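# Per-entry structural report
What follows is each chain in one-letter form.
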Amino acid sequence: MNRAASLWIAALAPAVLLGCGGGEGSSTGSSAAGGDITGGGAPSTGGVPNTGGSKAAGGTTNAGGLSATGGALDTGGAKSTGGSLAMGGKTSTGGVPNTGGSKAAGGTTSAGGLPSGGGASDTGGARSTGGSSPSGGTSSNGGAASTGGSKANGGATSTGGSKSNGGTTSAGGAASSGGSGVGGTTMDSSGPPMGWASWNSFAGTITYNIIKAQADAFVSSGLKAAGYQFVNIDEGWWQGTRDSSGNITTIASDWPGGMQAIADYIHGLGLKAGIYTDAGKDGCGYYYPTGRPAAPGSGSEGHYDQDFLQFSKWGFDFVKVDWCGGNSEGLDSKTAYTAISNSIQKATAQTGRPMVFSVCNWGNQSPWNWAPSISTMWRTSGDIIYYGGTADMNRVLPNFDSALHPTAQSLGHYNDPDMLIVGMKGFSLAQNRTHMALWAISGAPLLAGNNLESMSADTKSVLTNSDVLAIDQDPLAKQGTKVADTSGLQVYSRVLSGTNRRAVLLLNRTTSAATITARFADIGLGATATVRDVWAGTDLGSKTTSYAVSVPTYDSVLLIVTGA
Ligand code: GLA
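Below is a summary of the structure that appears in this document. (Residues numbered from 1 in each chain as written. Predicted model: local features only at pLDDT ≥ 70, side-chain atom pairs only at ≥ 80, totals over all residues. Heavy atoms only, no water.)

### Section: the overall build of the chain
Regarding its fold elements, the chain presents 14 helices and 19 strands. Across the 564 residues of the chain, 56% fall into the buried class. Contacts spanning at least 24 positions in sequence make up 70% of the contacts within the chain whose residues lie at least 6 apart. Accessible surface, the chain: about 20,600 Å² in total, of which carbon and sulfur atoms supply 54%. (Helix = DSSP H or I, 4+ residues; strand = E, 2+ residues; numbered from the N terminus. Buried < 20%, exposed > 50% of the residue type's maximum accessible area, 1.4 Å probe, protein only. Contact = heavy atoms within 4.5 Å. Areas by Shrake-Rupley, 256 points an atom, 1.4 Å probe, with all protein chains shown as cover.)

Laid out in structure tokens, this is it:
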């Protein structure tokens with residue numbers, strides 16, 4: 001069976017991985033004990049008001065004279081203000097509720113999700129933990145933004161407490177606010193990954209020089225400025241060799257400086273780097289060699305911890321794990337990808353570098369049912385194109401259909417209909433727009449696959465249209481759903497953030513041009529709405545009840561509809 005046929009069949013069941021998850025910790029600042037009313041001195045007699053101790057030192061209990069005999073009531077000294085000696089709340093007892101304390105260090109010592117603290121020992125922040133569990137914080141360094149314990153944000157973007165102020169602004173006596181620490185759920189706050197991947201245009205022919213040139217073009221063409229981030233090295237970088245300790249080795253003439261050098265180069269451009277392996281013993285480069293000789297051993301089975309730690313140490317921020325070996329060996333997708341996710345989390349715990357985990361088992365064993373909890377994205381179908389092939393809407397549309405699993409998708413976790421073929425041989429501007437619109441309406445990862453060095457202005461305009469990217473990246477991260485279908489004249493609607501906003505795709509899957517009507521009632525809006533045509537960049541004004549437009553065969557119209 002050839003690669004296309006066998007992968008297409010295999011595609012009936014893929015998977016994805018991505019490490020994430022994390023503990024959630026909440027801490028509530030307990031009031032600092034202490035303080036209370038400190039009084040000073042011994043009981044005064046003779047009616048002279050006892051002023052109590054001149055100053056409560058850090059809240060040590062001052063036994064002020066509570067009742068002066070023969071005199072006015074002893075005030076026992078005012079309230080102690082927590083005292084300059086209150087340190088981190090730890091021992092400070094002075095004053096009314098003490099907070100954080102000047103030394104609460106909000107997780108400075110936390111790393112990789114180890115208990116961090118918006119002041120571990122500070123009574124203001126009690127124990128605000130970003131990333132209370134190792135898994136939560138593995139790729140996050142908990143306690144990141146914990147300010148006096150008021151809020152610890154664990155998670156991918158947090159940085160080990162470096163920003164925590166742990167109570168610097170709190171002075172003894174102020175209100176204690178431990179706040180809530182949110183354990184890090186890795187990458188949850190990220191939109192669908194945007195970048196470029198090497199496979200569609202280069203297959204196994206990739207080298208340092210090819211990736212470097214694409215990375216340069218990524219920046220010079222404006223993809224970076226539009227928000228794209230990842231430069232992903234797909235299959236072909238590794239011929240399956242290892243040294244005597246099992247460490248991956250690469251061909252020095254293709255990758256001078258090893259894989260770290262290319263990751264460094266990509267980082268130097270302000271971008272992120274992605275790499276690729278297989279869940280089985282042998283990768284796709286063994287079963288379906290494309291552009292290089294067959295590569296036995298080009299999979300990570302038996303080396304999960306070692307390989308993912310290696311990728312992380314080299315500096316990679318994204319890893320796609322394919323399924324050629326796993327499929328051939330009859331491995332269980334969920335089991336294998338869960339083990340890989342765990343290895344990635346361990347690697348991140350060690351290096352501090354979060355990695356997007358991209359499960360690529362082509363929809364095998366319904367990954368939308370199990371991959372969201374272990375990965376960022378999971379392929380739902382076979383390949384959208386085979387190397388050297390021609391872009392074809394008859395592959396784009398089935399991949400789009402296969403990826404519609406709205407309940408599986410949430411911020412940080414995405415169905416993946418495969419990399420883009422926008423701008424590749426065979427597609428017109430209209431087809432590129434429809435392909436891009438389909439991915440945007442479904443909130444799919446956007447990994448361009450065209451050769452960026454030779455990208456046309458039209459292709460660039462499709463990949464960088466700001467309305468389309470905003471739809472794809474909408475923070476609600478909802479997938480669009482089909483709301484109407486009249487014999488192939490379809491309407492998809494995606495709820496966007498904001499008030500009464502929808503992205504609406506009118507898709508003509510018939511063989512002739514036809515009018516498609518978006519009825520506002522079908523998309524959950526009232527009688528009046530304004531309509532914007534995204535590709536035309538035109539506001540069409542206010543419409544009543546519906547908007548109808550003629551759509552050419554196998555073409556589409558993308559709208560943003562805003563209800564009154
Ligand atoms: C599989 C994947 C593709 C690509 C190739 C590399 O077919 O689905 O996206 O990574 O392997 O061989």
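Having seen it, we continue.
### Observations regarding helix 8 (residues 304–314)
Across the 11 residues that make up helix 8, a large majority, eight, are buried. Of all the residues in helix 8, the buried ones are Tyr 304, Asp 307, Phe 308, Leu 309, Gln 310, Phe 311, Ser 312 and Trp 314. Taken together, the buried residues of helix 8 touch helix 6 (258–268), strand 6 (272–278), strand 7 (318–322) and helix 10 (333–351). Backbone geometry just after helix 8 places Gly 315 at a positive phi near 115°.

### A look at the pattern of salt bridges
Pairing between side chains of opposite charge can happen when their charged atoms approach one another. All chains considered together, the criterion is met by 15 salt bridges. Across the pair Arg 532 and Asp 467 runs a salt bridge, and its minimum N-O distance is 2.7 Å. Taken as a pair, Arg 532 in strand 16 (residues 528–533) and Asp 467 in helix 14 (residues 466–472) lie far apart in primary sequence, 65 residues in all. Given a relative accessible area of 23%, Arg 532 falls into the partly exposed group. A salt bridge links Arg 532 to Asp 539; its shortest N-O distance comes to 3.1 Å. Residue class for Asp 539 comes out exposed when judged on its relative accessible area of 58%. (Salt bridge = Lys/Arg side-chain N within 4 Å of Asp/Glu carboxyl O.)

### What to know about helix 11 (residues 393–402)
Buried within helix 11 we find Met 393, Arg 395, Val 396, Leu 397, Asn 399 and Phe 400. Two or three places before Asn 394, at the start of helix 11, stands the capping residue Asp 392, its side-chain oxygen 2.8 Å from that residue's backbone nitrogen. (Polar contact = N/O pair within 3.5 Å; in protein donor to acceptor, adjacent residues only side chain to side chain.)

### Some remarks on the pairing of strand 19 (residues 556–563)
Counting buried positions over the eight residues of strand 19 gives seven, a clear majority of the element. Pairing of strand 16 with strand 19, which is carried by five bridges, proceeds in the antiparallel orientation. Among the inter-strand pairings, Thr 530 is bridged to a residue of strand 19, identified as Thr 562. (Pairing = 2+ DSSP bridges.)

### Some remarks on the state of the cysteines
For the structure shown, the criterion picks out one disulfide. Here Cys 284 connects covalently by a disulfide to Cys 324, the sulfurs 2.0 Å from one another. Measuring handedness by torsion sign, the sulfur bridge of Cys 284 and Cys 324 sits at about 90° and is right-handed. Taken together, the residues span a long stretch of sequence, with Cys 284 in helix 7 (residues 284–287) and Cys 324 in helix 9 (residues 324–329) at a distance of 40 residues. (Disulfide = S-S within 2.5 Å.)

### Notes on the pairing of strand 7
Among the five residues in strand 7, five count as buried, and that is most of the element. Burial along strand 7 is two-sided: the residues Phe 318, Lys 320 and Asp 322 and Val 319 and Val 321 are all buried. As paired strands, strand 6 and strand 7 are joined by five bridges and run parallel to one another. Paired with Ile 275 across the bridge in strand 7 is Val 319. Bridge count between strand 7 and strand 8 (residues 356–359): four bridges; the pairing is parallel. If you follow Phe 318 over to strand 8, its bridge partner there is Val 356.

### Quick word on the nonpolar core
Note on soluble globular proteins: their nonpolar side chains tend to be buried together. Trp 237, Tyr 337 and Met 436 are the most contacted members of the largest nonpolar core, which has 88 residues in total. Among the elements that make up this core, the one with the highest residue count is helix 12 (residues 429–441) (six residues). Ala 518, Phe 520, Leu 525 and Val 557 belong to the second-largest nonpolar core, a separate cluster that totals 18 residues. (Core = buried A, V, L, I, M, F, W, Y, C linked by side-chain atoms within 4.5 Å.)

### A look at the sheet that holds strand 13 (residues 489–495)
In spatial order, the strands read 12-13-14-19-16-17; together these six strands make up an open sheet with antiparallel pairing. Since the sheet does not close on itself, it has two edges, and those belong to strand 12 (481–486) and strand 17 (538–544), each with one partner. With strand direction ignored, the average angle separating the axes of adjacent strands in the sheet is 25°. Sheet topology note: the strand 13/strand 14 (residues 501–508) ladder contains seven bridges and is antiparallel. Pairing of Leu 489 across the sheet is with Asn 508, part of strand 14. Most of the contacts of helix 12 go to strand 14, to which it runs at about 140°, and overall it touches strand 13, strand 14 and strand 19. (Axes fitted to C-alpha atoms, helices over the stretch in contact; angles between N-to-C directions.)

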